[in-house]
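Single-letter residue listing:
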Amino acid sequence: MGVKHGRDYEGILTDLTVAIGRIPDRYVFFEMDAEEWGRLGEPEQLEVDEALAEDLFYALGEESVIPVGSGVVIHDKDQHRIHILIGEEELTFVPLI
């Protein structure tokens with residue numbers, strides 16, 4: 001189903017891809033290890049990040065908090081944002097409207 005949004009979906013997906021790229025061990029979400037991730041070239045890593053962003057967008061419609069590696073992705077329905085955090089530190093957020 002995905003999260004409710006007022007912005008163009010492609011723009012949200014692009015921003016979310018960049019945002020989750022800030023989580024250094026995001027590949028753990030796909031049960032990869034650092035060595036497997038390192039063997040991927042930059043274009044393949046971007047493809048994985050794009051797939052992760054799309055998966056998260058739709059999953060956040062059902063679950064408001066999803067762990068991704070050492071980070072967490074949170075859908076804030078009240079502020080219409082997707083927050084990306086590591087520990088207590090917010091790395092960035094993606095506006096939905």
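For the structure, see preceding data.
Residues numbered from 1 in each chain as written. Predicted model: local features only at pLDDT ≥ 70, side-chain atom pairs only at ≥ 80, totals over all residues. Heavy atoms only, no water.

**Structural notes on the side chain of Asp25**
Here Asp25 lies in the loop between α1 (9-20) and α2 (34-39). At 7.4 Å, Arg26 is the nearest oppositely charged side chain to Asp25, a buried residue that forms no salt bridge. When neighbours within four sequence positions are excluded, Asp25 is seen to be in contact with Val68, Gly69 and Ser70. (Helix = DSSP H or I, 4+ residues; strand = E, 2+ residues; numbered from the N terminus. Buried < 20%, exposed > 50% of the residue type's maximum accessible area, 1.4 Å probe, protein only. Lys, Arg positive; Asp, Glu negative; His and termini not counted. Salt bridge = Lys/Arg side-chain N within 4 Å of Asp/Glu carboxyl O. Contact = heavy atoms within 4.5 Å.)

**Focus: the layout of surface pockets**
By volume, the largest pocket amounts to about 200 Å³. Along its surface, the largest pocket is lined by 10 residues, and Gly2, Val3, Lys4, His75 and Lys77 are the ones closest to its centre. For the lining of the largest pocket, a count of residues per class yields 4 nonpolar, 4 polar and 2 charged. (1 Å grid on protein atoms, 1.4 Å probe; cavity = no way out; pocket = protein on both sides within 12 Å on 5 of 7 lines; lining within 4 Å. Points joined across faces, edges and corners; volume = space filled by probe spheres on them. Nonpolar A, V, L, I, M, F, W, Y, C, P; charged D, E, K, R; others polar.)

**Considering the pairing of strand β2 (residues 71-76)**
In terms of residue burial, β2 counts as a mostly covered element, since 5 of its 6 residues are buried. Where strand β1 (residues 65-68) lies against β2, 4 bridges are found, and the strand directions are antiparallel. Residue pairing across strands places Pro67 opposite Val72, the latter belonging to β2. Linking two consecutive strands that pair antiparallel, namely β1 and β2, is a turn of 2 residues; a positive phi of about 60 degrees is found at Gly69 within it. Strand direction decides the pairing type here: β2 and strand β3 (residues 81-86), joined by 6 bridges, are antiparallel. Paired with Val73 across the strands is Ile84, a residue of β3. The turn linking β2 back onto β3 is made up of 4 residues, and His80 within it adopts a positive phi angle of 55 degrees. (Pairing = 2+ DSSP bridges.)

Nothing here speaks to function; it is all geometry.
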